[in-house]
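Tertiary structure, described
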Amino acid sequence: MTKTIRLLFPQWQGGNNTDYYFGAKLLAHILPDNEAIPLIEVPVFTQTEELTVENGIEGEGQLLQQFEAAKTLLAETDPDCIITLGGDCSVSQAPFDYLNNRYGGAVGILWLDAHPDVATRAGSSRAHEMVLANLLGVGSGGLADIVTTPFKNQNIFFAGLIPESLRPIDQLVNTLDLDYASPQTLREDPTRIEKWIKENKLKQVVVHFDLDVLSPEDFRSIYPAEPYTQARDFPAAVGELTLKEVAAILTMVSTHSELVGLSITEHLPWDALRLRNALASLPLFSANS
């Protein structure tokens, strides 16, 4: 019998944004419920002071401790499939590394994201921008060193990436000749991901679903849809896919391979956050404390 777990990993340090903590917690209530799939939470540090830069990475010490906690939980529970509820994008590192090792280093990654997350310490200090570089074995520093089973280059596919918006820190996509399809390409050829799965004979696939691959016109709980801001002013690529299109992609992956891992990351439920913050200072909510 296949054992599946939900891994609640409200890590925020990779993006240095505590709102990711609440966003991950809320995902636990939003995702389809199934009593047969246990919910296991990775303990994370809550913010008590500003993160310090350690070895070029913001909050590296806390991140390393949280990754080790995640690895320990996965070793203890020994799952076959993992649904990860994040948190910033770096939460995919521990479960994907675990699954790639479990399935003999032959797992494929479908990276659903408007950004490739292949930066290194030379260009970024934030772990959520370098998680895939770490998983490929080309990252640098302590976070990269703890990856046990690097993924093969040909087993990576970016869906929803916007090539003309790639920044200098994103250029490993081209340097390593990693495969990708833009939103327009996916609409013109809906079989593009299926072809990648078949060409590389991928039996197991994991999917990193960064919610910001979605258009802010279609889905509002993402960074570029922050109230009173304009998506056109966002300092990085803005997603263009719809939730309906992503659901169809996930269904297709499940049809042509075994979907053994799914990470959902960078959930920013703006209205819930605003309501929570607006009420936080009321004496009524601090009663009995």
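Residues numbered from 1 in each chain as written. Predicted model: local features only at pLDDT ≥ 70, side-chain atom pairs only at ≥ 80, totals over all residues. Heavy atoms only, no water.

**With respect to the overall build of the chain**
Check the secondary structure of the chain and you find ten helices and ten strands. In terms of C-alpha radius of gyration, the chain reaches 18 Å, essentially the compact-globule figure of 19 Å for 289 residues. When its C-alpha atoms are laid out on the principal axes, the chain stretches across 60 × 45 × 40 Å. Considering the chain as a whole, with its 289 residues, one finds that 53% of them fall into the buried category. Put simply, 75% of the contacts in the chain that link residues at least 6 apart link residues at least 24 apart. Put simply, the chain shows about 13200 Å² of open surface, and 51% of that area lies on carbon and sulfur atoms. Across the chain, 20 positive and 38 negative side-chain charges occur, with their mean positions spaced 5 Å apart. (Helix = DSSP H or I, 4+ residues; strand = E, 2+ residues; numbered from the N terminus. Rg over C-alpha atoms; globule rule 2.2 N^0.38 Å. Buried < 20%, exposed > 50% of the residue type's maximum accessible area, 1.4 Å probe, protein only. Contact = heavy atoms within 4.5 Å. Areas by Shrake-Rupley, 256 points an atom, 1.4 Å probe, with all protein chains shown as cover. Lys, Arg positive; Asp, Glu negative; His and termini not counted. Charge placed at Lys NZ, Arg CZ, Asp CG, Glu CD.)

**What to know about a nonpolar patch on the surface**
Where nonpolar side chains cluster on the molecular surface, the patch consists of Leu 275, Leu 279, Leu 282, Leu 284 and Phe 285 and spans about 520 Å² of accessible area. Among the secondary structure elements, Leu 282 is positioned in the segment after helix H10 (270–279). (Patch = residues over 30% accessible without salt bridge, like charges linked within 9 Å, V, L, I, M, F, W, Y side chains within 5 Å. Salt bridge = Lys/Arg side-chain N within 4 Å of Asp/Glu carboxyl O.)

**Points about the side chain of Glu 129**
In this fold, Glu 129 is placed in the loop between strand S6 (108–112) and helix H4 (131–135). There is a polar contact of 2.5 Å between the side chain of Glu 129 and the side chain of Ser 124. When near neighbours in sequence (up to four residues on either side) are disregarded, Glu 129 contacts Asp 117, Val 118, Ala 119, Ser 124, Arg 167 and Ile 169. (Polar contact = N/O pair within 3.5 Å; in protein donor to acceptor, adjacent residues only side chain to side chain.)

**Topic: the pairing of strand S9 (residues 204–210)**
Within S9, seven of the seven residues are buried, leaving the element largely enclosed by the surrounding structure. In the sheet, S6 pairs with S9 via five bridges, with the strands oriented parallel. Counted as the bridge partner of Gly 108 is Val 205 from S9. Of the pairings in the sheet, the one linking S9 to strand S10 (residues 258–265) comprises seven bridges and is parallel in character. Looking at the pairing, Gln 204 lines up with Glu 258 of S10. In terms of handedness, the path from S9 via helix H9 (residues 243–256) over to S10 forms a crossover that is right-handed. (Pairing = 2+ DSSP bridges. Right-handed = clockwise from strand over helix to strand, strands pointing away.)

**A few points about helix H3 (residues 93–102)**
Taken across its ten residues, H3 has eight buried, putting it largely inside the fold. The set of residues buried in H3 consists of Gln 93, Ala 94, Pro 95, Phe 96, Asp 97, Tyr 98, Leu 99 and Asn 100. Downstream of H3 by one or two residues, Gly 104 has phi in the positive range, about 70°.

**What about the sheet that holds strand S7 (residues 156–159)?**
One open sheet holds the eight strands; their spatial order is S2-S1-S5-S10-S9-S6-S7-S8, and the pairing between them is parallel. Strands at the two margins of the open sheet, each flanked by one partner only, are strand S2 (39–41) and strand S8 (179–181). Within the sheet, the average angular offset between the axes of one strand and its neighbour, ignoring direction, is 20°. The sheet strands contacting helix H2 (residues 60–77) are strand S1 (4–9), S2 and strand S5 (81–86), and the helix crosses S1 at an angle near 165°. (Axes fitted to C-alpha atoms, helices over the stretch in contact; angles between N-to-C directions.)

**What about the environment of Val 207?**
Position of Val 207 relative to the elements: it lies in strand S9. Given a relative accessible area of 0%, Val 207 falls into the buried group. A C-alpha to C-alpha distance of 17 Å links Val 207 and Ala 24, two positions 183 residues apart in sequence. Sequence-distant contacts of Val 207, that is, excluding residues within four places in its chain, are made with Phe 96, Leu 110, Leu 112, Leu 250, Val 253, Leu 259, Gly 261, Leu 262 and Ser 263.

**A few points about the environment of Leu 39**
Mapped onto the elements, Leu 39 comes out in strand S2. By relative accessible area, which is 41% here, Leu 39 ends up partly exposed. Sequence-wise, Leu 39 and Ile 5 are 34 residues apart; in three dimensions their C-alpha atoms are separated by 6.3 Å. The contact partners of Leu 39, leaving out residues within four places of it in the chain, are Arg 6, Leu 8 and Ala 28.

**Describing the packing of aromatic side chains**
With the rule as written, the count across this model stands at five aromatic pairs. Pairing Phe 9 with Phe 67 gives two aromatic rings, centres 6.3 Å apart and planes at 90°, and the pair type is edge-to-face. Linking Phe 9 in strand S1 with Phe 67 in helix H2, this pair joins segments that are 58 residues apart in sequence. The exposure class of Phe 9 is buried, given its relative accessible area of 0%. Counting every residue linked through ring pairs, the aromatic cluster contains Tyr 223, Phe 234 and Trp 270. (Phe/Tyr/Trp six-rings, centres within 6.5 Å; stacked < 30°, edge-to-face > 60°.)

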